[in-house]
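A look at the structure
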Amino acid sequence: MSVQNPIVNVSAAMNSFRATRARIFARGLFLLAFGAPLMFFPAPARSQAAGTGQAAPSVVQTDVKLVIGGEKIKNNSRGTLSVEGSSLQFATAKAKVEVDASSILDISTNEDSRENITGAAKVATMAIPYGGGRVLSLFSHRVDVLTLEFKDANGGYHGAIFVLPQGRAAPIKKQLVAMGAKASVPLAEPAPANK
Amino acid sequence: MKHHTRAAVSVIFLIGPACALVLLVGSLWGQTGSGDSKSAQKLSASSIQIEPMDPGDVPMPPEFRVAIYENLITQIEKTGKFQHVYRSGDKEAARVPDLVMLRTTAQSFRKGSQKEREVVTVAGSSSIILKVHITDHAGQTLVDRNVEGKVRFFGENLRATYDFSKKVANIVRDTF
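Because the structure is a prediction, the values reported are computed rather than measured. (Residues numbered from 1 in each chain as written. Chains lettered and ligands numbered in written order. Predicted model: local features only at pLDDT ≥ 70, side-chain atom pairs only at ≥ 80, totals over all residues.)

A tally of helices and strands in chain B yields 4 helices and 5 strands. Seen in sequence order, chain B has helices and strands lined up from the N terminus as α-β-α-β-β-α-β-β-α. Counting over 176 residues, chain B shows a buried share of 27%. If you take every contact in chain B between residues at least 6 apart in sequence, the share linking residues at least 24 apart comes to 68%. (Helix = DSSP H or I, 4+ residues; strand = E, 2+ residues; numbered from the N terminus. Buried ≥ 20, exposed ≤ 12 C-beta atoms within 10 Å, placed from the backbone. Contact = placed C-beta atoms within 7 Å.)

Here it is, written out as structure tokens:
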């Protein structure tokens, strides 16, 4: 066994390193020249504090299931839940329901789990022999449940339940509470990070 | 021997349908008789107002409270016994002279597990027991009984609220 020593041209390597350094320096100067004026340009910032007269940023969540409580919308419909203006909207391809934040009597969030296989596929799993369908029931995912209690124009009490992907209900609740919705249970503070 | 067997079979074939006929006629006669007594006891009201569930001391998640209320509204509307089903707080309900009120109070609640139900079958059932109280416009009690809603084998936990509402709707059908 023999190991060959590679021949390294040190002077050529040094020249290439210097050229690269010069190129990076030139690019840095170019970016500084163009970037510095932009730093002082009065462009509207997204992280502007609330209550400065500008509309609050909207929260949009797709693939939300309305379990119950949509007047015009069928139970278990899927659609988009959004906070726009001063109201909560749930829209499907066919219809839209809107609830004004000031009419919300209580808003609460909860965690739950839902099975991965539902509907017609669930019925089909029952045909799997040797209890295979039961094994498939073990696969589930965590979800957030958003529950609203509100009153209509006549003062009538209504309720609605939405199922969202995990961790998506809290921002909507926070936004609605900021807009005047009542909540009997305040938003939980985020847990401190473990060091 | 063969003759005896044949005779026995023919007798069985005759007695079987005869018994079934007697049972059928008897049950029909019984139904019409009890139907008359039921219709004599039935009450009438043009409208009903449904109050939100009172959880009392029973800890119940808010989604169950809301699901019970919304399912009750839907199922009582489906009975077709009332011209109007008013929600709690509706201003128009105050003008109705023969309004009846439906109130529910939680007695017990057990949130099961859908996973357990579908894997083990004999465990994980969800159950809610509520006292159903229907009063007339004068405050006189028309219905006061405990009703249980449950989901034993298949379906999400919230399905117990649907089961409960269906049973309350049946009570309303029998009463009005």
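On to the pairing of strand β4 (residues 96-100) of chain A. Residues and elements named next belong to chain A. Judged by which residues are buried, β4 turns out to be one-sided: Val97 and Val99 face inward and are buried, whereas Lys96, Glu98 and Asp100, on the alternate face, are not. Bridge count between strand β3 (residues 87-91) and β4: 5 bridges; the pairing is antiparallel. Each residue of the ladder has a partner; that of Ala91, found in β4, is Lys96. Between β3 and β4, which pair antiparallel one after the other, the connecting turn spans 4 residues. (Pairing = 2+ DSSP bridges.)

Moving on: the interface of chain A and chain B. Listed by partner, the interface residues are 21 residues for chain A and 19 residues for chain B. Looking at the side of chain A that touches chain B, the element that brings in the most residues is strand β6 (residues 140-151) of chain A, giving 5 residues. Broken down by class, the residue content of the side of chain A that touches chain B amounts to 6 nonpolar, 11 polar and 4 charged. (Nonpolar A, V, L, I, M, F, W, Y, C, P; charged D, E, K, R; others polar.)

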